[in-house]
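Breakdown of the fold
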Amino acid sequence: IFEAGFVFGDNQLFMPLDVAQRFSEQEGKLTHIYVAAGAVDRVEAVEETLREVFGDQADVISGQMLARAWGKALGAIRANSLLATAIALGAGALVVLFIMVLVTRERTREIGILKAIGAANGDVARQFIGESLGVALLGGGAGLALFGLGGARIANVLLGLATSSLNPAKAMGGERPAQSLVLRYDLSWLALASAAGLVLILTVVGGLY
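What counts, and where the lines are drawn
- Residues numbered from 1 in each chain as written.
- Predicted model: local features only at pLDDT ≥ 70, side-chain atom pairs only at ≥ 80, totals over all residues.
- Heavy atoms only, no water.
- Helix = DSSP H or I, 4+ residues; strand = E, 2+ residues; numbered from the N terminus.
- Buried < 20%, exposed > 50% of the residue type's maximum accessible area, 1.4 Å probe, protein only.
- Contact = heavy atoms within 4.5 Å.
- Areas by Shrake-Rupley, 256 points an atom, 1.4 Å probe, with all protein chains shown as cover.
- Patch = residues over 30% accessible without salt bridge, like charges linked within 9 Å, V, L, I, M, F, W, Y side chains within 5 Å.
- Salt bridge = Lys/Arg side-chain N within 4 Å of Asp/Glu carboxyl O.

A count of helical and extended segments in the protein gives seven helices and two strands. Across the protein, helices and strands are ordered from the amino to the carboxyl terminus as α-α-α-α-α-β-α-β-α. Counting every position in the protein, which comprises 209 residues, the buried fraction comes to 16%. Sequence-distant contacts in the protein: of pairs separated by 6 or more residues, those separated by 24 or more amount to 53%. Summed over all atoms, the accessible surface of the protein reaches about 16300 Å², with 65% contributed by carbon and sulfur.

Okay, here's the thing in structure tokens:
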């Protein structure tokens, strides 16, 4: 009947109630009843009335209950996402630190030559820190550029949204063009600055070591 644009939305079939009851041999039976309260402040009273009427034959679920349930689910997703981000950031930071330590240790001969011609410890440290920061800034800039160019496309492909469309008008015989369903996201500059600052700090620590 229509293409929802994501896999969980394409597993539904809509038909008139009497047709569904006849096909399933459940005439006169219902699975859901939607009740609209006349005002927001009457929702709880309507819930109590419905519970009195139906008793144990049906569960009464309000929009507030669903909102609270969805809020808990989204909170759990957010917590898991933050944990995964922290783990990925920590792993990346350790990689940067180890790389800088290895690169610096491989240049001990160069350090010895600089010391032999009179370079002070501060001069050597400034040279290595400057090089380390330059490499880190170049790598970070390249990563941001790739993210800006292809981040949304990669996310949509991973979520299965890249080739999806929402076109109810066409399904009903209309000619309105389909609307692409794509993922929208907001980039937190605070998180970006925090990640960049941590990487630069670890780069300096690795170079100094």
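Next comes the rest of the account.
Next up on the list: unusual backbone geometry. Residue E25 is not a glycine yet carries a positive backbone phi of 55 degrees. Following the sequence through the fold, E25 ends up in the loop between α1 (17–23) and α2 (43–54). You can call E25 exposed: its relative accessible area is 69%.

Take a nonpolar patch on the surface next. On the surface, L17, L30, I33, V35, V53 and F54 cluster together to form a nonpolar patch covering roughly 570 Å² of accessible area. In this fold, F54 is placed in helix α2. Residue classification places F54 among the partly exposed positions, given a relative accessible area of 31%.

The quantities given are spatial measurements derived from coordinates; they are silent on function.
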